[in-house]
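Coordinates in review
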Amino acid sequence: MQPELRAAIVQDAASGRVLMLAWMDDEAERLTRETGEAWFWSRSRQELWRKGATSGNTLAVEELRDDCDGDVLLLRVRPNGPACHTGSVSCFAPWLWRTVAERAKERPAGSYVAGLLDEGVAACARKVGEEGVEAAVAALGESDERVIEEVADLWFHSYVLLAARGLDPSAVEDELRDRHSERTRR
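The sections below set out a description of the structure shown in this document.

Reading the values: the criteria
Residues numbered from 1 in each chain as written. Predicted model: local features only at pLDDT ≥ 70, side-chain atom pairs only at ≥ 80, totals over all residues. Heavy atoms only, no water. Disulfide = S-S within 2.5 Å. Buried < 20%, exposed > 50% of the residue type's maximum accessible area, 1.4 Å probe, protein only. Helix = DSSP H or I, 4+ residues; strand = E, 2+ residues; numbered from the N terminus. Arc of directions from axis to C-beta. Contact = heavy atoms within 4.5 Å. Polar contact = N/O pair within 3.5 Å; in protein donor to acceptor, adjacent residues only side chain to side chain.

Before going further, it helps to spend a moment on the state of the cysteines. Enumeration according to the criterion identifies zero disulfides in this entry. Of the cysteine sulfurs around C91, a residue in no disulfide, the closest is that of C84, at 3.7 Å. When its relative accessible area of 28% is taken as the criterion, C91 is described as partly exposed.

Listed below in C-alpha cells is the structure:
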C-alpha cells in the first residue's frame, strides 16, 4: 500500500531555480530533516530513496517549508551536481536540452548528437560557426521560414557545443539574467 504522499518542490537556494518535483511521505520528510539530505518516496519503485544514492548528485537541504495548506513541501537545497537523471541541472530544462544531455550521457548508436560529440569540441564549435553564418545569410535575403530553420540549427548546435564542454544552458541563462540585472541597475 502506498503511503500518503505530498509533492516536494526542490529549489536551488542560491539561484532560485526550480530543480525538480518529487514526492515525500512522512518517513522521507523525517529522514530529510534528520540528515539534512533530501529523501523522497519513489512511486515507481514503491520505496524510499536518498537523492544521489547511486549518482552522487545529492541535495543538501538548507530549508524545508510547508505551504499554506500543508499539502506541498518546498525544499531549498544546495545541489551537488545535476538534479535531473538526464544530466541537466533542472528537470525543467528545455526539452531540447534534456534530449541533447541524455544523448551525451547515453551515447546511443546512430545518434547524430553522440557522433558529433565523439568528434570533439572543435567539431561542435565548427558546426556552431557554420550554422551562425547560415542564420545570418538567411536573415539578409531568405524567407522567414528559412531564418527560423537556420536559427533552429544554430540553437541545436549551440546546445551540443555546451554538452561537449560539459556545460549546462542554465549557466547561459544565469549570465543573461546577471547582465540584465546589471543594466537595469544603471
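Attention shifts here to helix α3 (residues 112–119). Side chains that are three or four residues apart share a direction in an α-helix, a result of its 3.6 residues per turn. For α3, the full list of buried residues reads V113, A114, L116 and L117. Projected onto a plane normal to the axis of α3, the buried residues spread over an arc of 165 degrees and lie on a single side. Away from its buried face, by an angle of more than 90 degrees, α3 presents the exposed residues D118 and E119. As for α3, its buried residues are in contact with α2 (95–106), α4 (121–141) and α5 (144–164). Looking at where α3 begins, the residue whose side-chain oxygen comes 3.3 Å from the main-chain nitrogen of V113 is S111. Immediately downstream of α3, the backbone of G120 shows phi near 100 degrees, a positive value.

What follows covers the side chain of E131. Of note, E131 is situated in helix α4. For E131, the residues in contact, after removing those within four places along its chain, are E150, D153, L154 and H157.

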